[in-house]
Amino acid sequence: MALTVVMNIDRLLTQLTIDEKIAMLTGSDTWSTVPVKRLSIPSVVVSDGPHGLRKVKEERPGQDALQYPAVCFPTYSALAATWNDELAQQMGAAIAGDCIDNKVDVLLGPGVNMKRNPLCGRNFEYLSEDPYLAGRLGTALVNGVQSRGIGTSLKHFAGNSQEVDRFWVNSEIDERALREIYLPAFEKIVKEAKPWTVMCAYNLLNGVHCSQNRRLLFNILRKEWGFDGIVVSDWGAVHDRVESLKASLELEMPYCKTSFESLKKAYEEDRINEYDIDFAVEGILRLVKKVSEAADLRDKVKDTTDDRYNVSKQVADEAVTLLKNEDEILPISKKIKKLAVFGLAAADPTIQGGGSAGVTPIRKSAPLDYIRKLAGDDIEVVYAPCYNQMTLTSILEIQNLPAALNLAYEADMSLIFVSDTIRTELEGFDRNSIRLQPELEKMILQLTAVNPNTVVVVQAGSVIDMSEWFYKVKGVVYSWYLGGAGGESVADVLFGKVNPSGKTAETFPLCLEDTPAFDGIDSISLCDTDNDGSFGQGAYPCAYPGNGKVSWYREGMFIGYRFYDTWKKEVLIPFGFGLSYTQFEYSKLKIVQDENTARVECKIKNTGKCKGRETVQIYVRPVQPYVLRPEKELKGYVKVELEPNEQKTIKVELDERAFSYYSMNDFDWKVDKGYYEILVGSSSRDIKLTGKIKM
Ligand code: BGC
């Protein structure tokens, strides 16, 4: 039975000395807050990371830290592909279970930054290019974690969409893009799920470091959205502790030696007063109180590591996204007698990206083992790794290709596994390309040339440019980074034991040059890399990644499908797309309007031969807007499971925000009069039903 400490915050504020209070405003070490033993105030323990617990056991200078093993769930880009709020909630609850077992009070996640650019090294940690989808899944995750008495830290607030120059780059974002794209996921989660903490980002936002940005942390987060938790700095994001306190940042992390002195000096010189300090200490005491009151909830948790691993398997099952299935090459037919599997990633899969989110997996399944298992005695499975283990520099060597080509030639079907690695998708660095390594692309083409019955399975945390080989193979399975259970899930999908239902939560462009923040010039070479304020001869400052000081979000609201669809650009895979082994029929759209809100209903039927899940997506399109608006925007979705021939009616409520834009005239959300189309689709580019209402 846990002991709940009864805390009287008002009394504690009168009992704490000013020195004790100031000391509480920075960490006691890397992962915990300062305790005050004299007054029985315990410390709060925090730990990474978003898709599983990463608790450090021992820091090892010059090497990766030793960590406690935990269940490694699919990364957020994979979770987002499930479009399943219920699963996100279960995943949050399961991660909280690992936190409880490891005595962690606050999980440092979820990360809900927008995917502005596919190069961002942390895209695998983030959910989507769409704020509505990220907001819904993020709300479910926070609810899941906190339902078990473990706090969350919603991060990185805000405008942190690149790793290049992350500590000093100024994200220059116009107000509409901020309100309509970069803030709504945070806003929804803060208002609906009440995260215990919010973590500020490293970067500057419109000229001010997020850690000392009072407009962001106080005016918007607390006054407008009613946030009642505390703001924690990202690790080392505080540059001026006094300014950050004035901006209402309660807790600086990790422990910082100069923090106490600078705050004490400012207090003695009357630059801050006891009220400023008490505001922050009170927030931290409220957090301590929440932790202590959560003891009973935590006590009730009885699930085991196996149960949590099973949740991770379910998420992985629904995340696998089937992008191409020509001639119904999948699921693997009983007629196949010899199956050739290629790629080291089949035996040693990449299950997550690198950096502070890296979980030490308690268990890791390899697709090859499960392929062999499901093939049984009926199908002969032959395997060639084809390339070596990737090194620190990510140099890859193709090995024994002639023998592999021979295997492919003799087989009825080939499965080629390729992957990005934790060295290509990694915190602190952006990718410099969105293509697979050239050796891998060449390998796919060579193997496909000798056997066209080829399916490529891609392990990556974000979108990649597949145009070099996509049209030449028959099947493409995007497995994202699926966590420890992913090997089993991929095999289940390949053999039809699981019917795929993943849908892209980010658009796959044809190439990097087509992406909205790309300037059509070699941006990296035109950056102010030497930081002297000049961009090189004849160059002009580029949108992404900026000039080393500023990143201009010139594309404004138009990221992801909002860009491609408004400007009618061809893409490789649209937003919201994913195939199934069955088919769905949409019918009977009904829209019931009530002033500025509406209820959308339609019927959906499984017309194929096997059970399947479909995500019905609702987009809103203002027909003749008075102001510049994206062609359409996602405003609702439902995932349904249907047996063959089964039909269900789905219902989606559209609130006023679904029709609004952020008015720069009113500095508020506004619905303009006029017609709005309601588009019901199976992806952003496959609209099945359309209706119209007048506001
Ligand atoms: C990352 C955060 C993480 C923190 C603690 C920072 O570098 O940006 O996401 O939670 O470290 O590891």
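Up top is the structure these notes are about.
Quick summary incoming for the structure in this document. All values derive from a computational prediction rather than experimental measurement.

## A word on the sheet that holds strand β6 (residues 170-172)
- As summarised here, the arrangement of the four strands in space is β9-β8-β6-β17, forming an open sheet in which the pairing is mixed. Of all strands in the sheet, those with a lone pairing partner are β9 (208-209) and β17 (550-552), marking the two edges.
- Bridge count for β6 against β17 is three bridges, and the pairing is parallel. Of the residues in β17, the one forming a bridge with Ser171 is Ser551.

## Some thoughts on the nonpolar core
- With 124 residues, the main nonpolar core has Met24, Ile41, Phe157, Tyr182, Trp235, Leu285 and Leu634 as its most contacted residues.
- Among all residues touching Phe157, those that are not within four sequence positions of it are Leu183, Phe186, Val198, Met199, Cys200, Ala201, Cys210, Leu216, Leu217, Leu221 and Trp225.

## Here's the deal with the site of the ligand
- Taken together, 13 residues sit near the ligand, with Asp48, Arg122, His156, Tyr202 and Asp234 positioned nearest.
- Between the ligand and the protein, one listed contact pairs an oxygen atom with a side-chain N or O atom of Asp234 at 2.7 Å.
- Burial of the ligand by the protein chains amounts to 93% of its free accessible area of 310 Å².

## Some remarks on the side chain of Ser47
- Structurally, the position occupied by Ser47 is in strand β1 (residues 46-47).
- Judged by relative accessible area, Ser47 falls into the buried class, the value being 2%.
- A polar contact is formed between the side chain of Ser47 and the backbone oxygen of Arg54, at a distance of 3.3 Å.
- Residues contacting Ser47, with those up to four places away along its chain left out, are Trp31, Leu53, Arg54, Lys55, Val104, Val106, Leu107 and Leu108.

## Quick notes on the sheet that holds strand β5 (residues 151-157)
- Read from one edge to the other, the open sheet built from five strands follows the order β1-β4-β5-β7-β10, with strand pairing classed as parallel. At either margin of the open sheet sits one strand with a lone partner, and together these are β1 and β10 (230-233).
- Sheet analysis places strand β4 (residues 106-107) next to β5, joined by two bridges and oriented parallel. Across the sheet, the residue bridging to Val106 is Gly151, located in β5.

## What about a negative patch on the surface?
- On the surface, Asp594, Glu595, Asp655 and Glu656 cluster together to form a negatively charged patch.
- Position of Glu595 among the secondary structure elements: in the loop between β18 (584-594) and β19 (597-606).

## Some remarks on the pattern of salt bridges
- Evaluated as defined, the whole model comprises 59 salt bridges.
- Here Arg298 ties to Asp105 by a salt bridge, and the two come within 2.9 Å at their closest N and O atoms. Of this pair, Arg298 sits in helix α12 (residues 295-299) while Asp105 sits in the loop between α4 (85-101) and β4, placing them 193 residues apart in sequence. Of the two residues examined, Arg298 and Asp105, each falls in the buried class.

Calculation rules
Residues numbered from 1 in each chain as written. Predicted model: local features only at pLDDT ≥ 70, side-chain atom pairs only at ≥ 80, totals over all residues. Heavy atoms only, no water. Pairing = 2+ DSSP bridges. Helix = DSSP H or I, 4+ residues; strand = E, 2+ residues; numbered from the N terminus. Core = buried A, V, L, I, M, F, W, Y, C linked by side-chain atoms within 4.5 Å. Buried < 20%, exposed > 50% of the residue type's maximum accessible area, 1.4 Å probe, protein only. Contact = heavy atoms within 4.5 Å. Near = heavy atom within 4 Å. Polar contact = N/O pair within 3.5 Å; in protein donor to acceptor, adjacent residues only side chain to side chain. Areas by Shrake-Rupley, 256 points an atom, 1.4 Å probe, with all protein chains shown as cover. Patch = residues over 30% accessible without salt bridge, like charges linked within 9 Å, V, L, I, M, F, W, Y side chains within 5 Å. Salt bridge = Lys/Arg side-chain N within 4 Å of Asp/Glu carboxyl O. Lys, Arg positive; Asp, Glu negative; His and termini not counted. Charge placed at Lys NZ, Arg CZ, Asp CG, Glu CD.

Read these as geometric descriptors, not functional statements.
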